[in-house]
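# Tertiary structure, described
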Amino acid sequence: TDIFTSLTHLKDIIENEEILLKTVSDYVTSEEDKINNLERFVELSKEEPIKKSLLSNKTVDEYLSHPLNAYYLIKKYALNLERLAQVGNYNKSLVANFPDETDIAGAAAGIIRLQRTYQLSTNDLANGNIKGFKADPLNSDDCYRLGESSKENSELGLAVQWFNKSIEKLHDGSNNRRIEDIVSLVVDMFLLMGNGKKALDIYSFAIKTAKSDESKEFFQAELDDYNELYKEIDVEENSSIHDEYSWRKTEPEWKVKYEEMCRGQFKQNSKYAKHLRCRYVKSSTCPYEIFKQEILSFSPFISMFHDIISDKEGELLKELAKPTLERAQVGVASKPELTTQRIGKVGWVWDNYDGIGVTKLSNRVARATGLSTTFRHIMTDAEPFQVVNYGVGGQYEPHTDFYLQRSDLNTVPEFLLNTGDRIATWMFYLSTIHAGGATVFPDVEVAVPPIKNAAAFWYNFEEGGDMDMRTSHAGCPILLGQKWVANKWIREFGQFFTRRCPISEFFANEDKYLLSLGYSKREIEEINFYSERPPQPDQ
Ligand SMILES: O=C(O)CCC(=O)C(=O)O
Ligand SMILES: [Fe+2]
């Protein structure tokens, strides 16, 4: 560096010695802090490993049945992951599946979805109570996160409630945000609701009750800003009736209806409702095999089969699907999208995947429905099983299973080319759900309860071969329990020789169905005449 050739640089180095020293000592302190932090983490984890402290005698599945527990676990592991990021060298594959901050936010959004859909009170939820099922109460940090999530979702009323809860619990030490900032957020929410009066009240109250001079000054400054901004507006006049408890985001009609269906607020209003029944159906090929079918709607034809798969077979499907599970996308193969419209992970399980086990299940679907489910690599009669596992507040918003754009039929993987559309849907329910999670058909007000080891089965097309838009359906958010389903979509063209007559003869046409039950034409006219079908809105 040629220092020896002049002495002036040596002088500089002497000047800078102190700064260098400080840099090194700062580094040592910060590394020490890190190590201390990690040491504390190891100590705590040794004292109460997650396996023991959280589960306490429950199985993992029981524990995860409560959405708040799932949220707690996600948060705990995500925060651990942040700590581990400070450790230089360790086996990264151990944390490959760890959740991160985006998962905490996703789980919080799921809980807000559940709160809104099932109209849960903020108090109950904050106490960990969902319909009598208990989890640990939420702490101040959790409540704050739920407030943020509500805000992001434009649920301003809920946001106020959660931010207030977070302030109420601030003393628990979980939350290092400043009370001033949370109060300002509450004020913002009221302003967005159009309630300036409330905003003013909160500032005045905060100034009166402030715990320190700084705090008081902060609120005074905020209030001054506010007065400056809104001096033109008569606050009293503009304060609408909005309070946080009655305030709801305006949702499109389909969503309101969907959420009502999920809550069970609907009437089976088909005039044929009283003829719905359970029946035994004979297997299409095996003379001694009988299936238990419950008919839920004649037109469109929607039914369920009870006890149609064993626990063991269900486990097989889940196990085979697990390694292939990926975040669900919506849309066609050429342009799938990640959306909140469907919150779950899907995997595909093909016939012959595991010896004969999966094929046996496909064959059973064929015998129960009379449709062909033969799998082929070109021109298949049915798709492989699509196994779906839902997450916290997981759902699938209303959709139809067929391709709305006819041209999309040409952008499918090769084995599905020239197989026509999804003429019918079969869906196994593979897990126990205590609340929520029904499959609902809002247009015809039919709900299929997600009963373990049962299956839903319906036709997506009308008798004449047109798409039946009334089959639009949804998987409701899961409130308590875990949800696994396995779809088997049966394609159109493979049914050329197998399609059963009774479907077109009886079920697609309700009158024909009644004839088949032995009613005379006159009786059917009478049933039609006296049936109590509520007036339809736009007739
Ligand atoms: O989970 C449900 O109940 C519905 C699922 C569904 O409709 C689908 O996967 O296409
Ligand atoms: Fe579907």
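Everything numeric in this text was worked out from a predicted model, so none of it was measured. (Residues numbered from 1 in each chain as written. Chains lettered and ligands numbered in written order. Predicted model: local features only at pLDDT ≥ 70, side-chain atom pairs only at ≥ 80, totals over all residues. Heavy atoms only, no water.)

To continue, consider the overall build of the protein. Scanning the protein from terminus to terminus reveals 18 helices and 17 strands. Put simply, the protein has 539 residues, and 45% of those count as buried. Across the protein, the fraction of contacts at a sequence separation of at least 24, relative to all contacts at a separation of at least 6, is 72%. (Helix = DSSP H or I, 4+ residues; strand = E, 2+ residues; numbered from the N terminus. Buried < 20%, exposed > 50% of the residue type's maximum accessible area, 1.4 Å probe, protein only. Contact = heavy atoms within 4.5 Å.)

With that out of the way, let us pick up the coordination of the iron ion (ligand 2). Taken together, His399 (NE2), Asp401 (OD) and His473 (NE2) make up the protein donors of the iron ion (ligand 2), found 2.1 to 2.2 Å from the metal. As a motif over one chain, the donors of the iron ion (ligand 2) read H-x1-D-x71-H. Within this pair, whereas His399 is found in strand β9 (residues 396-399), its partner His473 is found in strand β15 (residues 473-475), the two being separated by 74 residues in sequence. Judged by its relative accessible area of 11%, His399 falls in the buried class. (Donors = N, O, S within 2.8 Å, 3.2 Å for Na, K, Ca; no water.)

Here we come to the sheet that holds β15. In spatial order, the strands read β9-β15-β12-β13; together these four strands make up an open sheet with antiparallel pairing. Of all the strands in the sheet, the pair left with one neighbour each is β9 and β13 (446-448). Sheet twist, expressed as the mean angle between neighbouring strand axes with direction ignored, is 15 degrees. The sheet contacts of helix α13 (residues 253-263) involve β9, β12 (439-441), β13 and β15, and relative to β9 the element is tilted by about 120 degrees. (Pairing = 2+ DSSP bridges. Axes fitted to C-alpha atoms, helices over the stretch in contact; angles between N-to-C directions.)

Below, the discussion takes up the site of ligand 1. Taken together, Arg342, Tyr390, Tyr396, His399, Asp401, Met427, Thr439, His473, Gly475, Lys483, Asn487 and Trp489 are the residues near ligand 1. Within the side chain of Asn487, one N or O atom sits 2.9 Å away from an oxygen atom of ligand 1. Protein contact buries 99% of the 290 Å² of open area that ligand 1 shows by itself. Mapped by element, the contributors of at least two residues to the shell around ligand 1 are β9, β15 and β17 (484-491). Of the residues contributing to the shell around ligand 1, the split by class is four nonpolar, five polar and three charged. (Near = heavy atom within 4 Å. Polar contact = N/O pair within 3.5 Å; in protein donor to acceptor, adjacent residues only side chain to side chain. Areas by Shrake-Rupley, 256 points an atom, 1.4 Å probe, with all protein chains shown as cover. Nonpolar A, V, L, I, M, F, W, Y, C, P; charged D, E, K, R; others polar.)

The next thing to look at is the confidence of the model for the protein. Caution applies to low-pLDDT regions: their predicted coordinates should not be interpreted in detail. A residue-level look at the protein finds 88% of positions with pLDDT of 70 or above and a mean pLDDT of 86. Contacts from residues 501-508, a stretch scored under 50 in pLDDT, to residues over four places away or in other chains number 18 contacts. pLDDT under 50 marks residues 530-539. Its contacts with residues more than four places away, or in other chains, come to four contacts. (pLDDT = per-residue confidence, 0-100.)

Attention now moves to the nonpolar core. By size, the foremost hydrophobic cluster in this structure holds 36 residues, and its most contacted members are Tyr71, Leu138, Trp162, Val440 and Leu479. At the level of secondary structure, the elements contributing two or more residues to this core comprise α4 (67-84), α5 (101-117), α6 (122-126), α7 (140-152), α8 (156-168), α13 and β16 (478-481). The residues contacting Trp162, other than those within four sequence positions of it, are Ile112, Gln115, Thr122, Leu125, Ala126, Leu138, Cys143, Leu146, Gly147 and Ser150. Within the second largest apolar cluster, 35 residues are counted, among which are Val387, Leu430, Tyr459 and Ile490. (Core = buried A, V, L, I, M, F, W, Y, C linked by side-chain atoms within 4.5 Å.)

It is worth spelling out the sheet that holds strand β8 (residues 385-390) at this point. Read from one edge to the other, the open sheet built from nine strands follows the order β3-β4-β5-β14-β10-β17-β8-β7-β6, with strand pairing classed as antiparallel. Only two strands of the sheet have a single partner each, and these edge strands are β3 (278-282) and β6 (326-327). In this structure, β6 lies alongside strand β7 (residues 344-349), joined through two bridges in antiparallel fashion. Counted as the bridge partner of Glu326 is Val346 from β7. Docked against the sheet, helix α14 (residues 311-321) engages β7, β8, β10 (422-429) and β17, running at close to 100 degrees with respect to β7.

Attention now goes to the pattern of salt bridges. In the structure shown here, the tally under the stated rule is 27 salt bridges. In this structure, Arg406 and Asp421 form a salt bridge, with 2.4 Å as the shortest nitrogen-oxygen distance. Residue Arg406 is found in the loop between β9 and β10, and its partner Asp421 is found in the loop between β9 and β10; the two are separated by 15 residues along the sequence. Of the residues examined, Arg406 reaches a relative accessible area of 39% and is grouped as partly exposed. (Salt bridge = Lys/Arg side-chain N within 4 Å of Asp/Glu carboxyl O.)

On to the state of the cysteines, then. For the coordinates displayed, the defined rule picks out one disulfide. Put simply, Cys262 and Cys476 are joined by a disulfide, and their sulfur atoms are 2.0 Å apart. Looking along the S-S bond of the Cys262-Cys476 disulfide, the torsion reads about -90 degrees, which is the left-handed sense. Highlighted residues: Cys262 in helix α13 and Cys476 in the loop between β15 and β16, separated in sequence by 214 residues. (Disulfide = S-S within 2.5 Å.)

Below, the discussion takes up the environment of Phe457. The topology assignment puts Phe457 in strand β14 (residues 455-459). Taking the relative accessible area as the measure of exposure, Phe457 reaches 2% and is therefore buried. Distance from Phe457 to Ile295, taken between C-alpha atoms, is 9.5 Å for residues 162 residues apart in sequence. Leaving out residues up to four positions away in the same chain, Phe457 has contacts with Phe301, Ile302, Ser303, Phe305, Thr369, Leu371, Ala424, Thr425, Trp426 and Ile490.

Along the chain, Asp103 turns up in helix α5. The partly exposed category is assigned to Asp103, whose relative accessible area is 34%. Along the chain, Asp103 and Tyr71 lie 32 residues apart, while their C-alpha atoms are 8.9 Å from each other.

Our next topic: the packing of α14 against helix α15 (residues 357-369). Packed helices, taken two at a time, are described by the angle between their axes plus the distance between the axes. Two elements in contact, α14 and α15, have axes whose closest approach is 10 Å; the angle formed by their N-to-C orientations is 120 degrees. Taken together, α14 and α15 sit at an angle that is classed as oblique. Of the two elements, α14 crosses α15, and the hand of that crossing is left-handed. On the side of α14, the interface is formed by Glu313, Leu316, Leu317 and Leu320, while α15 contributes Gly357, Val358, Leu361 and Arg364. Partitioning the contact of α14 with α15 into residue classes produces five nonpolar, one polar and two charged. (Parallel < 35°, antiparallel > 145°, perpendicular 65-115°, else oblique. Left-handed = near helix turned anticlockwise from the far one by under 90°.)

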